Amino acid sequence: MASFIAQKLAKPYLEKFFEKGYVGPSISTYSGTVEVKNMKIKPEALDFLRLPVEIKIGYVGKIVATINYSALMSSQPVKSPVNVVVKDVYIVVGPKKQEEFNEKQYVEDMIAAKLSSLQTWQYAYFPADKEAQEAYGMVDRIQDNICINVEGVHVRFEAESYAFGMALKQISINTTDEKWQPTIPPQDPKCIFRKLVMSELSLYLNTRDELGERHEMANMEMLEDIRKPAKERSYPFTHLIPPITARLMLAQEKADTEELALTNTAQTRADLIFEPLGFTLSRCQYNNMLRMLEDLSQDAPKAPEIGYNKDPEEKNRDAYIATYKKLFEDPQGSFEYPKVDEKGQEALVEFEKKWAFKDVVTFR
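One structure accompanies this document, and this report is about it. (Residues numbered from 1 in each chain as written. Predicted model: local features only at pLDDT ≥ 70, side-chain atom pairs only at ≥ 80, totals over all residues. Heavy atoms only, no water.)

### Some remarks on the pairing of strand E6 (residues 162-176)
Where strand E5 (residues 146-158) and E6 come together, 10 bridges link them in antiparallel fashion. Across the sheet, residue Arg156 finds its bridge partner in E6, namely Gly165. Hairpin connection from E5 to E6: three residues lie between these consecutive antiparallel strands. Of the pairings in the sheet, the one linking E6 to strand E7 (residues 191-207) comprises 13 bridges and is antiparallel in character. Within the sheet, the bridge partner assigned to Asn174 lies in E7 and is Lys195. (Pairing = 2+ DSSP bridges. Helix = DSSP H or I, 4+ residues; strand = E, 2+ residues; numbered from the N terminus.)

Below, the structure written as structure tokens:
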């Protein structure tokens, strides 16, 4: 299980979003633990979202995922089956410089993203082997039991004259009972209750108008500095909202939409509580907040529409169907797919490039 998560699920995303040099993923089969350390986010990691920002600093200190297989399969587990711990998340972004829009590259990126999504979809709905089938067969059970703990988060948007940031000491997400006490739900629960707690959540807006030369561009030392007590900090942070505690209680019904409609029951219910909540905003901060909104609202080049074929009558259609027939034939009752030769794989890819994602899924 741990090996499958590391190699099939985690590794493709690590390679896509993080620079080479991270440590891991290391695997402990005995404890069901997968661990990755010292991850630097690629500057182009968010390009596919076409946001008006660029990454200046991106770092994740550690991600540890532990899945207790025996507890996951038990009808009455004695401890949480799935735990995820994330430590030291530091991200700095700034306004993105307007560049000439590369339409050809955009189309290639969108097609590559679609093919990647198709591969993920196929792993989930048609697992290629027994290990994959077992993993995806427990997705709902994992979602119902996952506990997440994130420690040390600092996200900052900065420009020459201002810096807007969010800091968080800790955030935890746990499955609870209806009284919001930590628990492990039974298999196939009717409703899942989750409690999210954020400790020392704060927002700040530094401006050159107020800080003068003390307004600096971020570095790793500054990003870590905000976690210290106020008197021990080496860098200034002018808070809009000083550190507070926030709690979110979420109830999610597992019944389908039609059944809930008959009983007039909401599928998701939520309560959000802040303790205590204060807010300050100076004139300089207000003016720089307007500048920030202006920087974020810059007009991005209009992306072209990718013209997908609506009609499956393609010259490669027969080759595509023949290849897929081989994939889905299972005369021996095994979990493994037959191997697809290079020519057959090329036929699949060329055909799928010309269809929209939902059309390929429908065809499959």
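Once the structure has been displayed, the description carries forward.
### Points about the nonpolar core
A general feature of soluble globular proteins is that nonpolar side chains tend to end up buried together. Phe18, Met39, Val60 and Met198 are the most contacted members of the largest nonpolar core, which has 30 residues in total. Elements that contribute at least two residues to this core include exactly strand E2 (33-40), strand E3 (53-67), strand E4 (82-95), E5, E6, E7 and strand E8 (239-253). Apart from the residues lying within four places of it in its own chain, the contact partners of Met39 are Leu14, Phe18, Tyr22, Gly58, Tyr59, Val60, Lys62 and Ile63. Core analysis: the second largest hydrophobic core is formed by 12 residues, Tyr59, Val92, Ala218 and Tyr235 among them. (Core = buried A, V, L, I, M, F, W, Y, C linked by side-chain atoms within 4.5 Å. Buried < 20%, exposed > 50% of the residue type's maximum accessible area, 1.4 Å probe, protein only. Contact = heavy atoms within 4.5 Å.)

### Here we look at the environment of Arg194
Relative to the elements of secondary structure, Arg194 occurs in strand E7. With a relative accessible area of 16%, Arg194 lands in the buried category. Sequence separation of Arg194 and Asn174 is 20 residues, and the distance between their C-alpha atoms is 5.6 Å. Here Arg194 is in contact with Gln143, Asp144, Ile173, Asn174, Thr175, Thr176, Trp180, Leu248, Met249, Leu250 and Gln252, once residues within four sequence places are set aside. Polar side-chain contacts of Arg194 include one of 3.4 Å to the side chain of Gln252. (Polar contact = N/O pair within 3.5 Å; in protein donor to acceptor, adjacent residues only side chain to side chain.)

### A look at the packing of aromatic side chains
What the rule picks out here adds up to four aromatic pairs. With a centroid separation of 6.1 Å and an interplanar angle of 25°, the aromatic rings of Phe157 and Tyr162 are classed as stacked. Both residues of the pair, Phe157 and Tyr162, count as buried. (Phe/Tyr/Trp six-rings, centres within 6.5 Å; stacked < 30°, edge-to-face > 60°.)

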